[in-house]
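# Fold and geometry: a report
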Amino acid sequence: METNIATTPFGRRPMTLGMISSQVTARAVPKDATVHKWHVFQDIKDARIALGATDRALAILDALLSFHPVTALYGDSELVVWPSNEQLIRRANGLPPTTLRRHLAVLVECGLIIRRDSPNGKRFARKGQGGEIEQAYGFDLSPIVARAEEFKNLAEAVRSEKKAFRLAKERLTICRRDIVKMIDAGIEEGVPANWGRVQQAYQAIVGQIPRTATRQTLEAIAEELEGLWAEVREALESFLKTRKVDANESRNGRHIQNSKPDFKFESESGSGNKDEAGGNVDTDNVRSLPKRELPLGIVLDACPNMLWLVKGCGGIRNWREFLAAAEVARPSMGVSPSAWEEARTAMGEQQAAITIAAIYQRQDQINSAGGYLRSLTDRAKVGKFSVWPMVMALLRAKLDASKTTGTGAEAAAVDLEGAGKVVRTESRLDISDALRRSLDKPGRGS
């Protein structure tokens, strides 16, 4: 007795080595083998990429497994299912017929199923007199049983690799976060270090991370970051140890944190013996200083290094461009955004920019630009800071240097213009002979 369950022709198909391998494996399945079809299917899904299967192919395999009436698959049982294309399309969420045929071929090529074609290429089952199936033509699921252990091992390897990849990403993320926080802490606390170089090194390493990276790539980058992490950590710990020693030594006296630079800007109104570093003058002296704003020309004469920040862009022609140059100078010196914002609040935006320019002019002599700026900000809050002494001290140093070299201030200006650094369109206040004589006398007040 023959029952035609499905009559979907498949035509003649070429035999491949993958099909032959699957058939050999299926014949070698132990007769006493038993697997849970949905557990094996989960392993196949996890190892999908390694097997070369597609998402839609697995959706079709899911549908094929659902046509087998029992959950447990036995090595000595009949494992052939013979659904029609219409039934498969319905259970596979409405795939187009061409897509169905293409991904059925993928399942066969991956060795997940075996085609059992009838002489006429149709799928059906032949039943005996007792109603039992004697012969079935369709899709053989025996590779699910024969290769169950292989699928399990492959899935475990894929899961382990995914876990290792996740741990590498977490390791990289934590290291990046810690380095950024430590750099910010070092800048905030005025730790003496070349934070600009550290930030550049960090950006260089992070810039190596590709959009899609392998685990090995992430681990290699993480190792580089951990090396930088160790350097930054050592710098912070050394600073903490030094500060602790200083605190112990000054337990019976007043502790002075050395966050200032090694040099001092001379005041235009002091003799040089008073503590007037960086415009730190007495309140009375601050009140006696000129009330008008410093002209941009004088500031640029005192701080010509700022012009290098806009080289090739037409120079600094107004205060707006000067403020933009200060924004460029700030991070290069390791001044944190919070220190900069606090300075602008206490001094005013223009005065803070002039202060940044003065510090930038002598940054090679300053241990911690951020800590020094915070010190000046604190003085500005109580009215004991003015940018006039800083700028005048820089001008005096410039004039002294020109006298030593014999070039003169005019020659220095010519050199700057020749380098293409100075292009100014707003009116400039030239240094008069009286002002020059005043600068030559360090003990004279404003």
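Our subject is the structure listed above.
Here's a quick rundown of the structure. No experiment lies behind these values; they were computed from the predicted model shown.

## Structural notes on unusual backbone geometry
- Phi is positive for Asn 93, close to 65°, though the residue is something other than glycine.
- Its place among the elements puts Asn 93 in the loop between helix 5 (85-91) and helix 6 (97-109).

## Here's the deal with the environment of Val 80
- Within the element layout of this structure, Val 80 appears in strand 3 (residues 80-81).
- Since its relative accessible area comes to 7%, Val 80 is described here as buried.
- Taking the C-alpha atoms as reference points, Val 80 and Ile 113, separated by 33 residues in sequence, lie 9.5 Å from one another.
- The contacts of Val 80, once residues within four sequence positions are left out, are Arg 116, Ala 136, Tyr 137, Gly 138, Phe 139 and Asp 140.

## Some details on the pattern of salt bridges
- Tallied over the entire structure, the rule returns 16 salt bridges.
- A salt bridge links Glu 327 to Arg 344, with the shortest nitrogen-to-oxygen separation between them at 3.5 Å. One end of the pair, Glu 327, is in helix 13 (residues 319-332); the other, Arg 344, is in helix 14 (residues 337-347), with 17 residues separating them in the sequence.
- According to the relative accessible area criterion, Glu 327 is partly exposed, its value standing at 33%.
- Under the relative-accessibility criterion, Arg 344 is labelled partly exposed at 22%.
- In this structure, the salt-bridge partner of Arg 344 is Glu 349, at a minimum N-O distance of 3.1 Å.

## Observations regarding the packing of aromatic side chains
- Tallied over the full model, the rule gives two aromatic pairs.
- Ring geometry for Trp 38 versus Phe 41: centroids 6.0 Å apart, planes at 85°, classification edge-to-face. Taken together, the positions of Trp 38 and Phe 41, both in helix 2 (residues 37-46) and three residues apart, correspond to about one turn of that helix.
- Classification of Phe 41 by relative accessible area gives buried; the value is 8%.

## A word on the side chain of Thr 377
- Mapped onto the elements, Thr 377 comes out in helix 16 (residues 369-381).
- Those residues in contact with Thr 377, other than ones at most four positions away along the chain, are Glu 342, Ala 343, Ala 346 and Met 347.

## Notes on helix 6
- An ideal rise of 1.5 Å per residue puts 18 Å on 13 residues; helix 6 measures up with 19 Å between its terminal C-alpha atoms.
- Following helix 6 by one or two positions, Gly 111 adopts a phi angle in the positive range, close to 75°.

## Here's the deal with helix 14
- The complete set of buried residues in helix 14 reads Ala 339, Trp 340, Ala 343 and Met 347. For helix 14, the angular spread of the buried residues around the axis is 100°, confining them to a single face. When the buried face of helix 14 is taken as reference, the exposed residues oriented beyond 90 degrees from it are Pro 337 and Thr 345.
- Contacts from the buried residues of helix 14 go to helix 13, helix 15 (349-361) and helix 16.
- Just downstream of helix 14 lies Gly 348, where phi reads positive at about 100°.

## Some points on the nonpolar core
- Ranked by size, the top nonpolar core spans 45 residues in total, and within it Leu 294, Met 306, Ile 316, Phe 322, Met 347, Ile 359 and Val 391 carry the most contacts.
- Counting only elements with at least two residues in this core, the list comes to helix 12 (296-302), helix 13, helix 14, helix 15, helix 16 and helix 17 (387-405).
- No other element matches helix 15, which puts eight residues into this core.
- The contact partners of Leu 294, leaving out residues within four places of it in the chain, are Val 299, Trp 319, Gln 350, Val 387, Trp 388, Val 391 and Met 392.
- Counting residues in each nonpolar core, the second largest holds 38 residues, with Ala 92, Leu 107, Ile 144 and Ala 148 among its members.

Calculation notes
- Residues numbered from 1 in each chain as written.
- Predicted model: local features only at pLDDT ≥ 70, side-chain atom pairs only at ≥ 80, totals over all residues.
- Heavy atoms only, no water.
- Helix = DSSP H or I, 4+ residues; strand = E, 2+ residues; numbered from the N terminus.
- Buried < 20%, exposed > 50% of the residue type's maximum accessible area, 1.4 Å probe, protein only.
- Contact = heavy atoms within 4.5 Å.
- Salt bridge = Lys/Arg side-chain N within 4 Å of Asp/Glu carboxyl O.
- Phe/Tyr/Trp six-rings, centres within 6.5 Å; stacked < 30°, edge-to-face > 60°.
- Expected span 1.5 Å × (residues − 1).
- Arc of directions from axis to C-beta.
- Core = buried A, V, L, I, M, F, W, Y, C linked by side-chain atoms within 4.5 Å.

All we've got here are geometric facts, nothing functional implied.
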